[in-house]
Amino acid sequence: MEPSTAIINEEPEHTMDNFQSVFDMFDKNENGAVCAAEFPSLVQATGVEATKSDIGTVMKKYDKDDDGIIDFSEFVDMMQEFETSKGDTTQENLRKAFR
């Protein structure tokens, strides 16, 4: 599945599995984290045109422990912030984060 076509399932019991599947698509080197080099592909998958500065700003926002990577827990926090009241995360919600 292409990252740009990944939409988080609205069924709560599958949400964490779906988050993990999406996270794994962006964790190119399979080290359990999305690093600064991998993060732009996550942004690009949303279909949003973002500058390097925009990408850096978003990365800093979600890199809670300021270690320069987005770990799974931080990724889940990021994805949950984009959830709608119905509990599903759509590409449009992801795009809003980068505006």
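Values in this document were obtained by computation on a predicted structure and should not be read as measured data. (Residues numbered from 1 in each chain as written. Predicted model: local features only at pLDDT ≥ 70, side-chain atom pairs only at ≥ 80, totals over all residues. Heavy atoms only, no water.)

1. Quick word on the overall build of the protein
Quick reminder of the rule: Only DSSP runs of H or I with at least four residues qualify as helices, and only runs of E with at least two residues qualify as strands; both kinds are numbered from the N terminus onward. Here, two residues are considered to be in contact whenever any of their heavy atoms come within 4.5 Å of each other. Here, Shrake-Rupley sampling with a 1.4 Å probe gives the accessible areas, and only protein chains in the shown set may cover a residue.
Of regular secondary structure, the protein possesses five helices and two strands. Moving toward the C terminus, one meets the helices and strands of the protein in the order α-β-α-α-β-α-α. Contacts in the protein between residues far apart in sequence, at least 24 positions, make up 50% of those at least 6 positions apart. Total accessible area on the protein stands at roughly 5,800 Å², and carbon and sulfur atoms take up 49% of it.

2. Focus on the packing of aromatic side chains
Worth spelling out the cut-off: Two aromatic rings, drawn from Phe, Tyr or Trp (for Trp, its six-membered ring), form a pair once their centres lie within 6.5 Å of each other, and the interplanar angle then sorts them: stacked below 30 degrees, edge-to-face above 60, tilted otherwise. For the exposure calls, accessible area comes from a 1.4 Å probe over protein chains only, and a residue counts as buried if that area is under 20% of its type's maximum, exposed if over 50%, partly exposed in between.
Counting across every chain of the model gives two aromatic pairs. Judged by centre distance (5.5 Å) and plane angle (80 degrees), the rings of F23 and F72 are edge-to-face. Highlighted residues: F23 in helix α1 (residues 12-26) and F72 in helix α4 (residues 72-81), separated in sequence by 49 residues. When its relative accessible area of 2% is taken as the criterion, F23 is described as buried. Members of the aromatic cluster, connected to one another through ring pairs, are F23, F72 and F75.

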